[in-house]
Amino acid sequence: MATATSALIPSAEIAAKAGRVEGFWGSALRQLTRNKLAVISAVFIIVLGVSAIIVPEIYPRTYAEQNYDAITQGPSREYPMGTDQLGRDIFIRLIFGARISLTVGLVVQAVILLIGVPAGLAAGFFGGKVDTVIMRIVDILYAMPSLLFVIIIMTYLRGTLNSNPGGFWEYISKIDKATGGLVGVYIGLGLIGWLTVSRIVRANTLSLKSQDFSTAAESLGASRGRIMFRHLLPNTIAPIVVATTLGIPSAILSESGISFLGLGVIPPMPSWGLMISESIVSMRSHPYMLIFPAMAISLTVLAFNFLGDGLRDALDPWMKR
Amino acid sequence: MLIPTLLVIYTLTFVLIHATPGGPWSQGDKPVPPLVLKRLNAAYGLDKPLWRQYTDYLWNVLHGDFGPSFTSRSRTVTDIIKDTFPISLQLGIVAMMLAVFAGITLGVIAAINHNRTTDYVCGFISIAGISTPSYVVVSLLVLLLSSQLHLVPTGGWNGITDTRVIIPAVALALYPAAVLARYTRSSMLDVLSADYVRTARAKGLNETVVITRHAIRNALLPVVTVGAIILADVVTGSFYVETIYQVPGIGRYFVESITSRDYPVILGTVLLFGALVSVMNLIVDILYPLLDPRMSN
């Protein structure tokens, strides 16, 4: 999301100031703002993101604080969403869960872009053997049962970190502690998730490479690197933005699923998936404990999906329906 | 492609699980005495050099033997797969049939009512289906159907004819149904603007015949591709549902085997699922030109 707006707004502003004819990004932004669902979703995501950053700093309680006098209380003025079996405030746990989920969404997408974009660009641009090798790797990884693979990587990383190997691992270990033990999830989901992006970038590069403007750049003596990064890549940004936005919800769902199975975030750090699994035992007597995190996941994922669909309609003039 | 793919999957998994510190016997509360540990390792061939374990296991798998399970010591992995995989497969197929029926219906209705309220409602349903994880759906269904209305039991498995199949199948079906609905809708919209549909209408066929005989049959072609791949996803991704609803399928076993470092079970499951996904992809590649003669040249 952050990447999408920051990429969209500046060019629109520049276009407006310069009084020029509205460019590609400007018209895309106008398209997007006409889509009510996409706008509502964007607002929801921004509010969620801002409160995930600010609320934990000003809220009187933390996610791990237990109050044994207030166990499994329903929503009240003091506890807006009630408390769980250990007397912890569900509201602040939910907000912390938002931190976890949004971080997972963004970091995993960053890993995916770091691997997928260069791979796709290289495969499409160089063709031949490079293309064959990269696409073979993509084909093989597509057959990997992805969730199983993520869980295996996760377990490997956690086992390695727990045995205190020192050196370089120290840094990873620090990051891992700060994120509640999710570095394995970032890496696992990133390693398995770049396939789609690389395919999109490759297909786009292939079709752009044969167009007149790249031939022109080549005949003017532009270097390969310049053609790749100044001419081909910018023209591929739109599908990458769409794929990234639509990839965030699936990363969020995977993380919450892994945490739900008890293999993800390390308690007492909350994750929406973990909160749901903790509440399932008592869902008959205290349904609110299940409803709030379930709604948080569904609404967040829904918002990213709506926004991604809106972006696709706005950025791809040929996909309009 | 199938064999090299499986070989890479096997090698990656093997390296990762053996690189993970701790072994299958160090997961309990009490440490195992050194002598017992030595005997256990010797009995399961874990004292051999790693490359030897790698080739031994590969050799056995090629002969249909997935090795002994470390945790359920009286059973082999082949036994476990034989007991649990059919259950996951049955559940997956029932879910898939539900998903195909619901998804295609929803997609066709949405496309026929393009840009009208019905279309938006169908679109909202399918995007909500994509956004709700299956474990939330199971929990909510249990809460509603079992606890409130007492229509079905709260968990278990008794074959696909028992009412217990309803909740896990519906929960598993929701996501693929939503995806299929979206594909069907966009494919249907393509077809509805094609010349042969206009011809069919122009020669005076009524709308029902045009839709069912001319449009849907062509619109479903791309859906087949997605469908086969989703089926593999559904069968391999059923472990949330199996864990919550206590279905004794293979997904539950996998989760347990990871935490207990049951190497043969992990390798067996990953290989089985990898083979399933590859075979599904292969079937699509073979089936597609047969269904759509335009693709064969």
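Everything in this summary refers to the structure shown in the same document. In this text, all values refer to a predicted model and were calculated from it rather than measured experimentally. (Residues numbered from 1 in each chain as written. Chains lettered and ligands numbered in written order. Predicted model: local features only at pLDDT ≥ 70, side-chain atom pairs only at ≥ 80, totals over all residues. Heavy atoms only, no water.)

A few words now on the overall build of chain A. Of regular secondary structure, chain A possesses 13 helices and zero strands. Taken from the N to the C terminus, the helices and strands of chain A come in the order α-α-α-α-α-α-α-α-α-α-α-α-α. In terms of principal-axis extent, the alpha carbons of chain A reach across some 75 × 50 × 35 Å. Burial analysis of chain A (321 residues in total) assigns 53% to the buried set. At a minimum sequence separation of 6, the contacts of chain A that also span at least 24 residues come to 72%. Where the 25 positive side-chain charges of chain A centre and where its 19 negative ones centre are 7 Å apart. (Helix = DSSP H or I, 4+ residues; strand = E, 2+ residues; numbered from the N terminus. Buried < 20%, exposed > 50% of the residue type's maximum accessible area, 1.4 Å probe, protein only. Contact = heavy atoms within 4.5 Å. Lys, Arg positive; Asp, Glu negative; His and termini not counted. Charge placed at Lys NZ, Arg CZ, Asp CG, Glu CD.)

The number of helices and strands found in chain B is 12 helices and zero strands. When the helices and strands of chain B are listed from N to C terminus, the series reads α-α-α-α-α-α-α-α-α-α-α-α. Summarising its shape, the C-alpha atoms of chain B cover approximately 85 × 55 × 30 Å along the three principal directions. Taking all 297 residues of chain B together, 48% fall into the buried category. Of the contacts formed within chain B by residues at least 6 apart in sequence, a portion of 72% connects residues at least 24 apart. Carbon and sulfur atoms provide 65% of the accessible area of chain B, an area that totals close to 14,600 Å². (Areas by Shrake-Rupley, 256 points an atom, 1.4 Å probe, with all protein chains shown as cover.)

Each side of the interface is counted separately: chain B has 47 residues, and chain A has 44 residues. When chain B packs against chain A, the two sides together hide about 3,800 Å² of surface, and 79% of this comes from carbon and sulfur. Across the salt bridge formed by Arg182 of chain B and Asp309 of chain A, the nearest N and O atoms sit 2.9 Å from each other. Summed over the shared surface of chain B and chain A, the number is four residue pairs in polar contact (both at pLDDT 80 or more). Put simply, the parts of the chain that give the side of chain B that touches chain A at least two residues each are α1 (2-19), α5 (117-131), α6 (134-148), α7 (166-192), α10 (239-245), α11 (250-259) and α12 (263-291) of chain B. The leading source of residues in the side of chain B that touches chain A is α1 of chain B, at eight residues. Of the residues in the side of chain B that touches chain A, the class split is 29 nonpolar, 15 polar and three charged. (Buried area = accessible area lost by both parts, 1.4 Å probe. Salt bridge = Lys/Arg side-chain N within 4 Å of Asp/Glu carboxyl O. Polar contact = N/O pair within 3.5 Å; in protein donor to acceptor, adjacent residues only side chain to side chain. Nonpolar A, V, L, I, M, F, W, Y, C, P; charged D, E, K, R; others polar.)

Taken as a whole, this structure holds 13 aromatic pairs over all chains when the rule is applied. Aromatic pair Tyr59 of chain A and Phe91 of chain A: ring centres 5.4 Å apart, planes at 50 degrees, arrangement tilted. Taken together, the positions of Tyr59 of chain A in the loop between α3 (36-58) and α4 (90-126) and Phe91 of chain A in helix α4 put the pair 32 residues apart, joining distant regions of the chain. An identical accessibility class is assigned to Tyr59 of chain A and Phe91 of chain A; each is buried. Summarising the aromatic geometry, the rings of Phe239 of chain B and Phe254 of chain B are spaced 6.4 Å apart at their centres and angled 25 degrees between planes, so their arrangement reads as stacked. Remark: Phe254 of chain B occurs in helix α11 and Phe239 of chain B occurs in helix α10; sequence separation between them is 15 residues. Looking at Phe239 of chain B, the relative accessible area reads 0%, which means it is buried. (Phe/Tyr/Trp six-rings, centres within 6.5 Å; stacked < 30°, edge-to-face > 60°.)

Here we come to the packing of α4 of chain A against helix α11 (residues 237-260) of chain A. All names here are of chain A. The geometry of α4 relative to α11 is characterised by a closest axis approach of 8 Å and an angle of 130 degrees between their N-to-C directions. Taken together, the axes of α4 and α11 are oblique relative to one another. Note that α4 runs across α11; the crossing there is right-handed. For the pair α4 and α11, contact is made by Ile100, Ser101, Val104, Gly105, Leu106, Val108, Gln109, Leu113 and Val117 and by Ile240, Ala243, Thr244, Gly247, Ile248, Ala251, Ile252 and Glu255, respectively. A class-by-class count of the residues in the contact of α4 with α11 yields 11 nonpolar, five polar and one charged. (Axes fitted to C-alpha atoms, helices over the stretch in contact; angles between N-to-C directions. Parallel < 35°, antiparallel > 145°, perpendicular 65-115°, else oblique. Left-handed = near helix turned anticlockwise from the far one by under 90°.)

All names here are of chain A. One can find Val241 in helix α11. Residue Val241 is classed as buried on the basis of its relative accessible area of 12%. Note: C-alpha distance between Val241 and Tyr59 (182 residues apart in sequence) is 34 Å.

Our next topic: a nonpolar patch on the surface. Residues and elements named next belong to chain B. Among the surface-exposed residues, Leu2, Ile3, Val279, Leu282, Ile283, Ile286, Leu287, Leu290 and Leu291 lie close enough to one another that they form a single nonpolar patch of about 820 Å² accessible area. Sorting the residues of the nonpolar patch by element identifies α1 and α12 as the ones contributing at least two each. Ranked by residues supplied to the nonpolar patch, first place goes to α12 with seven residues. In this fold, Leu291 is placed in helix α12. A relative accessible area of 42% places Leu291 in the partly exposed class. (Patch = residues over 30% accessible without salt bridge, like charges linked within 9 Å, V, L, I, M, F, W, Y side chains within 5 Å.)

Okay, the pattern of salt bridges next. Residue and element names in this part refer to chain A. Inspection of every chain in the model, using the stated rule, returns 15 salt bridges over all chains. A salt bridge links Glu278 to Arg88; the shortest N-O distance between them is 3.7 Å. Taken together, the residues span a long stretch of sequence, with Glu278 in helix α12 (residues 272-280) and Arg88 in the loop between α3 and α4 at a distance of 190 residues. Judged by its relative accessible area of 24%, Glu278 falls in the partly exposed class. Put simply, Asp139 and Arg199 hold a salt bridge, and the shortest N to O gap is 2.9 Å. Here Asp139 is found in helix α5 (residues 128-142), whereas its partner Arg199 is found in helix α8 (residues 183-209), with 60 residues between them in sequence. A relative accessible area of 36% places Arg199 in the partly exposed class.

Residue and element names in this part refer to chain A. Under the criterion given, the structure shown has three cavities of 30 Å³ or more. Reported here for the largest cavity is a volume of approximately 70 Å³. Contributions of two or more residues to the lining of the largest cavity are made by α4 and α12. Looking at the lining of the largest cavity residue by residue, the classes come out as three nonpolar, one polar and three charged. (1 Å grid on protein atoms, 1.4 Å probe; cavity = no way out; pocket = protein on both sides within 12 Å on 5 of 7 lines; lining within 4 Å. Points joined across faces, edges and corners; volume = space filled by probe spheres on them.)

Moving on to α6 of chain B. Here α6 of chain B is 15 residues long and its end C-alpha atoms lie 20 Å apart, about the 21 Å a rise of 1.5 Å per residue gives. A bend of about 25 degrees at Val142 of chain B is the largest found in α6 of chain B. Where burial is concerned, most of α6 of chain B is hidden: 12 out of the 15 residues are buried. Where α6 of chain B is concerned, the buried positions are Ser134, Tyr135, Val136, Val137, Val138, Ser139, Leu141, Val142, Leu143, Leu145, Ser146 and Ser147 of chain B. Lining the buried residues of α6 of chain B we find α11, α12 and α13 (287-315) of chain A together with α7 and α10 of chain B. Of the residues flanking the end of α6 of chain B, it is His150 of chain B, one or two places downstream, whose phi is positive at about 50 degrees. (Expected span 1.5 Å × (residues − 1). Bend = angle between axes of the 7 residues up to and from the residue.)

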